[in-house]
Amino acid sequence: MLQAIQITKKYGAETVLDQVNLVIQPGERWGLVGANGCGKTTLLRILVGEVLPDGGKVVFRPSNVRIGYLPQGMRFAGEETLDDFLTRMGCNLERTSAALAEIAEQMAFGEKVEQTYDQLLEQLTWAAQGASRASEVLAALGLDALDRSLPCATLSGGQKTRLSLAAVLLSSPQLLLLDEPTNHLDIEMIEWLENWLGNASQAALIVSHDRAFLDRVVDGIFELDGKTHELRAYVGNYSTYLEAKIAEREEQRQRYQDQQQEIERLRGSIGRVRGAANFRKGGKADSGDKFAKGFFANRSLETMRRARALERRLERLLQEDALEKPHPDWQMRVEFADAPVSGRDVLVLQDLAVGYDERPLLTHLNATLRFGQRVALIGPNGCGKTTLLRTIVGQVPALEGQFCLGSKVQLGYMAQEQEDLPIAHSALTAVLELGRFSETEARSFLSKFLFKGDDVFTPIGSLSYGERSRLRLALLAASGCNLLLLDEPINHLDIPARARFEQALTGFEGSILAVVHDRYFIAGFATVIWEVKEGQLRVQSLS
């Protein structure tokens, strides 16, 4: 169905993809994993024709395979409404039919629009297939109650993702190319998508950092190596892939250790052989006994030949046959500054109601976040989780009731869509504005978050979503706060980075309230669950 043959892509002098090969057969579902910035999104964009490769080619069989592509950051045109967007994506049966009738009328007057007519006719067929499932899909994704005249730009991050996903699923694709489809989706929506994909017949290539999602959805894993820029295939789900990687790494570690032992053994042997040769030079070979002199001279020559043979073998081990020392796949070190001690009750909600324009999303919120607790705030998209965080940081006024911050509480806030980052600044400028570092110290600090060399001068607006997430983490880590409010902080982070961030949060000495939908992350990070259900807040302790 899809074959990529020796795809190569460079940006300037930097190689992103190097002779990448992949094959996807009908019905197969593959996950695509790799570190942030290694080229996963670039590969998907090459497959759909948005980016041209520098070498290689992409082949579809048949050539008119219908592709459903979900980009990582869906963009909407100007004041485009929900209805406009669904029409543009080929999911509006009524509008497509009207457009087809208009083209047919133009053809009747002799206008040469046959190609457009054929395209619309095929699109009408897809729209008709999607129309029979539209109500089910839109309802399942929580979009059926939205006004179709609503501008897409006013939707939340989760609603934008669900709208884009609905358009892709309703376009009757034969091949799905999905770039982080679970970002901004709540747990209920993720589980619905898992079930939908499990029952679907479409082939799929899915970029995702959600470990539970990959375990439940894919039959194989493609790993894109950020160092060699090559692609490797592993049969099985994410857990199977992880077991294979651990076994590979252990084998590599053992081979490296064996080689190091062999090198030390050779060095010892060379030293002993050369020592024996020198002894013979200074012993019997130098006596007046002609027989002894000839005998030991020959033995010394033989010993030196043996030493040179050992040295040549050692040289090969150190150069031509040298094995690279195994290293962790992810080197980011998330270390938060020491958190000042706050009062025992860090955040208290008292009959709080939050929302917009007198329209409450959450009411009668009563809960207390205590010092040292790590709270996961979960619930359906659009239920008010982000609004609650924005109310606490002062961006949105409370509608009723109140909230109180404890003594000596210093807030650190990470917004869901990274809208608080100064996109015209560089990473270096953003860190320097904190006033805590010299330029040398700032560059050293940023290197812990994988911003090295000239990377620190790249405008934030030109960074990938994953790179922006790393920068936002860096700014939080340096801020010296003792209460973190995190709105989906691990979106766009790759799997090793999520695990490392989870470890850092576990070691954070302050308190945390985080909106998170990654089930693995919640299990490893949270001590308390705040669940929003039917407009109310339910508190569950996990300790």
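## Topic: the overall build of the chain
Within the chain one finds 15 helices and 18 strands. Put simply, the chain has 543 residues, and 48% of those count as buried. If you sum the accessible surface of the chain, you get close to 26,300 Å²; carbon and sulfur atoms cover 48% of it.

## Regarding the sheet that holds strand S11 (residues 359-370)
Here we have 3 strands laid out as an open sheet, ordered S11-S10-S13, and antiparallel in their pairing. What marks the edges here is a single partner per strand, and that holds for S11 and strand S13 (400-405). Ignoring which end each strand starts from, the neighbouring axes of this sheet average 20 degrees apart. Bridging between strand S10 (residues 345-356) and S13 involves 5 bridges; their strand directions are antiparallel. Bridge pairing in S13 places Val348 opposite Cys404. Along the sheet, helix H10 (residues 385-392) contacts S10, S11 and S13; its crossing angle with S10, the most-contacted strand, is approximately 120 degrees.

## Some details on the nonpolar core
Taken as a class, soluble globular proteins show a tendency for nonpolar side chains to be buried jointly. By size, the foremost hydrophobic cluster in this structure holds 42 residues, and its most contacted members are Leu141, Leu163, Leu176, Trp192, Leu193 and Leu197. Elements with a contribution of two residues or more to this core: helix H2 (82-88), helix H4 (114-140), helix H5 (157-170), strand S6 (175-179), helix H6 (187-199), strand S7 (203-207), helix H7 (211-217) and helix H8 (238-282). Sort the elements by how many residues they give to this core and H5 lands first, with 7 residues. Discounting chain neighbours no more than four positions away, the residues touching Leu141 are Arg162, Leu165, Ala166, Met189 and Trp192. Ranked by size, the runner-up nonpolar core spans 40 residues in total, among them Met414, Val431, Ala442 and Ile490.

## Quick look at the sheet that holds strand S3 (residues 29-33)
Taken in spatial order, the 6 strands of this open sheet run S5-S6-S7-S3-S8-S9, and their pairing is mixed. Edge positions in the sheet fall to strand S5 (67-70) and strand S9 (231-235), since each has one partner strand and no second. With strand direction ignored, the average angle separating the axes of adjacent strands in the sheet is 15 degrees. Of the pairings in the sheet, the one linking S6 to S7 comprises 5 bridges and is parallel in character. Counterpart to Asp179 in the pairing with S7 is Val207. With respect to the sheet, helix H1 (residues 40-47) is in contact with S3, S5, S6, S7 and strand S8 (220-224), its orientation differing from that of S6 by roughly 150 degrees.

What counts as what
- Residues numbered from 1 in each chain as written.
- Predicted model: local features only at pLDDT ≥ 70, side-chain atom pairs only at ≥ 80, totals over all residues.
- Heavy atoms only, no water.
- Helix = DSSP H or I, 4+ residues; strand = E, 2+ residues; numbered from the N terminus.
- Buried < 20%, exposed > 50% of the residue type's maximum accessible area, 1.4 Å probe, protein only.
- Areas by Shrake-Rupley, 256 points an atom, 1.4 Å probe, with all protein chains shown as cover.
- Pairing = 2+ DSSP bridges.
- Axes fitted to C-alpha atoms, helices over the stretch in contact; angles between N-to-C directions.
- Contact = heavy atoms within 4.5 Å.
- Core = buried A, V, L, I, M, F, W, Y, C linked by side-chain atoms within 4.5 Å.

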